[in-house]
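Now for the letters of each chain:
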Amino acid sequence: MSNNSSVQILIRPKSIVIGPYENGSSSYEWTGIKSIKWNDVTPWIHIDIPSGPMLHQHIRSPHVEVEISVMDLDKLHTALFNTTIDTNNHVAVDINKYNRKYPITYCRFKFIDQNGEIIEYSARFLRIATIGPDAIELGKETRWIIRATCDLVKKES
Amino acid sequence: MDIAKALGDLIPSYIGLNILNDGGFETANWTNDWDIHTDVSQNNSQHYEGEYSARFNAECPAGLLRKIFSTPIFIIDIEFMHKSEFTGSLNIAITYDDNTTWNKTISCTTNWTSGDTVNPYPNKKVKQIDIVNVGYNYVFVDNMEINEGITLVVKYDEFDIKDPLMQLLIENFPAKSTWIIEGVYRIEHRVRLTLYRKLIHYGEEFITSNKDIWFAAKKMIDKVIIKNKFNLSETRNLISGTWTDNIPSIAVGRGWKNRAKEPILWQSEQIVTCVYYYNEELINE
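Attention here is on the structure that accompanies the text. Keep in mind the model is a prediction, meaning the values are calculated, not measured.

About the criteria used
- Residues numbered from 1 in each chain as written.
- Chains lettered and ligands numbered in written order.
- Predicted model: local features only at pLDDT ≥ 70, side-chain atom pairs only at ≥ 80, totals over all residues.
- Heavy atoms only, no water.
- Helix = DSSP H or I, 4+ residues; strand = E, 2+ residues; numbered from the N terminus.
- Buried < 20%, exposed > 50% of the residue type's maximum accessible area, 1.4 Å probe, protein only.
- Contact = heavy atoms within 4.5 Å.
- Areas by Shrake-Rupley, 256 points an atom, 1.4 Å probe, with all protein chains shown as cover.
- Pairing = 2+ DSSP bridges.
- Axes fitted to C-alpha atoms, helices over the stretch in contact; angles between N-to-C directions.
- Phe/Tyr/Trp six-rings, centres within 6.5 Å; stacked < 30°, edge-to-face > 60°.
- Polar contact = N/O pair within 3.5 Å; in protein donor to acceptor, adjacent residues only side chain to side chain.
- Expected span 1.5 Å × (residues − 1).
- Arc of directions from axis to C-beta.

### Let's talk about the overall build of chain A
Next, step 1: Looking only at helices and strands, one finds one helix and 13 strands in chain A.
Next, step 2: Ordered by position from N to C terminus, the α and β elements of chain A give β-β-β-β-β-β-α-β-β-β-β-β-β-β.
Next, step 3: Across the 157 residues in chain A, those meeting the buried criterion constitute 38%.
Next, step 4: Across chain A, the fraction of contacts at a sequence separation of at least 24, relative to all contacts at a separation of at least 6, is 58%.
Next, step 5: For chain A, the accessible surface area stands at approximately 9300 Å², while carbon and sulfur atoms represent 47% of it.

### Brief notes about the sheet that holds strand E3 (residues 33-40) of chain A
Residue and element names in this part refer to chain A.
Next, step 1: Strand order in the open sheet formed by four strands is E3-E6-E12-E11, with antiparallel pairing between adjacent strands. Both edges of this open sheet fall to E3 and strand E11 (127-133), since each of them pairs with a single strand only. Each neighbouring strand pair of the sheet contributes to a mean axis angle of 15°, computed without reference to strand direction.
Next, step 2: In this sheet, strand E12 (residues 144-150) lies alongside strand E6 (residues 64-70) in antiparallel orientation, the contact comprising seven bridges. When the sheet's bridge partners are listed, glutamate 67 is paired in E12 with arginine 147.

### Some thoughts on the sheet that holds strand E9 (residues 106-113) of chain A
Residues and elements named next belong to chain A.
Next, step 1: Taking strand neighbours across the sheet as the criterion, the five strands line up as E2-E1-E9-E10-E13 in an open arrangement whose pairing is antiparallel. This sheet does not close on itself; its edge strands, each paired only once, are strand E2 (28-31) and strand E13 (152-155). The average undirected angle you get between the axes of adjacent strands in this sheet is 25°.
Next, step 2: Examined bridge by bridge, E9 and strand E10 (residues 118-124) share five bridges and lie antiparallel to one another. Bridge pairing in E10 places phenylalanine 111 opposite isoleucine 119.

### Comments concerning the packing of aromatic side chains
How two aromatic rings sit relative to each other is given by the distance of their centres and the angle of their planes.
All names here are of chain A.
Next, step 1: Tallied over the full model, the rule gives five aromatic pairs over all chains.
Next, step 2: Ring centres of tryptophan 38 and tyrosine 121 lie 5.2 Å apart, and the angle between their planes is 55°; this geometry places the pair in the tilted category. Of the two residues, tryptophan 38 is situated in strand E3 and tyrosine 121 in strand E10; the sequence distance between them amounts to 83 residues.
Next, step 3: When its relative accessible area of 28% is taken as the criterion, tryptophan 38 is described as partly exposed.
Next, step 4: The class for tyrosine 121 is buried, based on a relative accessible area of 17%.
Next, step 5: In this structure an aromatic cluster arises from ring pairing among Trp38, Phe109, Phe111 and Tyr121.

### Quick word on the environment of A:Ser25
All names here are of chain A.
Next, step 1: By the secondary structure assignment, serine 25 is in the loop between strand E1 (10-19) and E2.
Next, step 2: Spatially, the C-alpha atoms of serine 25 and tyrosine 106 are 9.0 Å apart, while their sequence positions differ by 81 residues.
Next, step 3: At a separation of 2.9 Å, a polar atom in the side chain of serine 25 contacts the side chain of asparagine 23.

### Points about helix H2 (residues 204-227) of chain B
Next, step 1: Here H2(B) contains 24 residues, and its C-alpha end-to-end distance of 34 Å stays within 8% of the 34 Å for a straight helix at 1.5 Å per residue.
Next, step 2: Within the sequence span of H2(B), burial applies to B:Phe206, B:Ile207, B:Asn210, B:Ile213, B:Trp214, B:Ala217, B:Lys218, B:Met220, B:Ile221, B:Val224 and B:Ile225.

### A short note on helix H1 (residues 73-82) of chain A
Residues and elements named next belong to chain A.
Next, step 1: Among the residues making up H1, those that are buried are Leu76, Ala79, Leu80 and Phe81. Angularly, the buried residues of H1 cover 160° about the axis, an arc narrow enough to put them on a single face. Turned more than 90 degrees off the buried face of H1, the exposed positions are Asp74 and Asn82.
Next, step 2: The backbone nitrogen of aspartate 74 lies 3.0 Å from a side-chain oxygen of the residue at the head of H1, namely aspartate 72.

Next comes the structure, spelled out in structure tokens:
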């Protein structure tokens, strides 16, 4: 099979790697990811001036909103409740006493492209916002939705 | 792309298992070397008068799981013509499709011991077999004396659903391709796996034990396919199917006859789908 290097199509998520160090050491590879999606928010605010010039101001913080869905509860717990994600030994979601959340220092999304190559995206300081089941009901496999925000998502390789 | 071959390489590499043992009819293991058998009728004697022929049948051993696309059985017919003591050595060299070779010197008597094996790579396609007589005495192949090397043309066998007793046939089906963008096609390539099991008698115990083997084999193949969803060579997604029994063959529990004298056969098939992408740089868009 030949390789068309000019086209790169992502075909599935592979894993999310999270860890406490920027260099990616001591990280945990969270597999079994059903889907990942993200969108950044618009930083622009349109200021209306009657009969005047159109003004767009770069006012809002341009963060990224991420939504991850998984089915494997076991790996979800390992990744978010048990894996150290910063040098102060915090976990992403600390439910020991209170429901406290901490930014994840190292976070990479790994995808597979049409050639079978791994494509990596980094998510800078991923902060878990909410975790919850889509719905737990008879006859359907429960899907867990994790919503998060981060500073930016950037293609690494 | 030959997905059937890729699947054919994959499945037996996992199924080196006793579950495919044929209830004592064959005991060798699928992953073992191929055994060399001889069906010489005159064995046990040191001296022979006149001519006779020995058929060295290098065949896939038991489990009797066989795939016809990538590893055909080959048969070496060697004729011995002796008037004196009959011993010697043969060097058998096998050249595979990928140009790798393997060879072994086998002492050659009329009784080939079951420990003599050839072909350690049953998953590779055999291109040619060279046989050299390295011992003394005379060995003839197709009436030619081999004191020097001789190349045999590999005789690929034809597929027979009744023999060996259990086999897996892996067939490519036409692929469906969908244009994605700029020279990239998504290919959904279907492959049919058909498992055949020939029963040799109707004893209740025999039927029961064979059913166990039969279901275990199917389960094992399922397992291999599920485990290798993202692992099959060059494919991105392997989607397993479900087994469909040939209803008359299994529902009656006694097998299926389509002609009066034909042996009973169980048959079950499933179609798996392999997804891969075909990439070609466009000349113009």
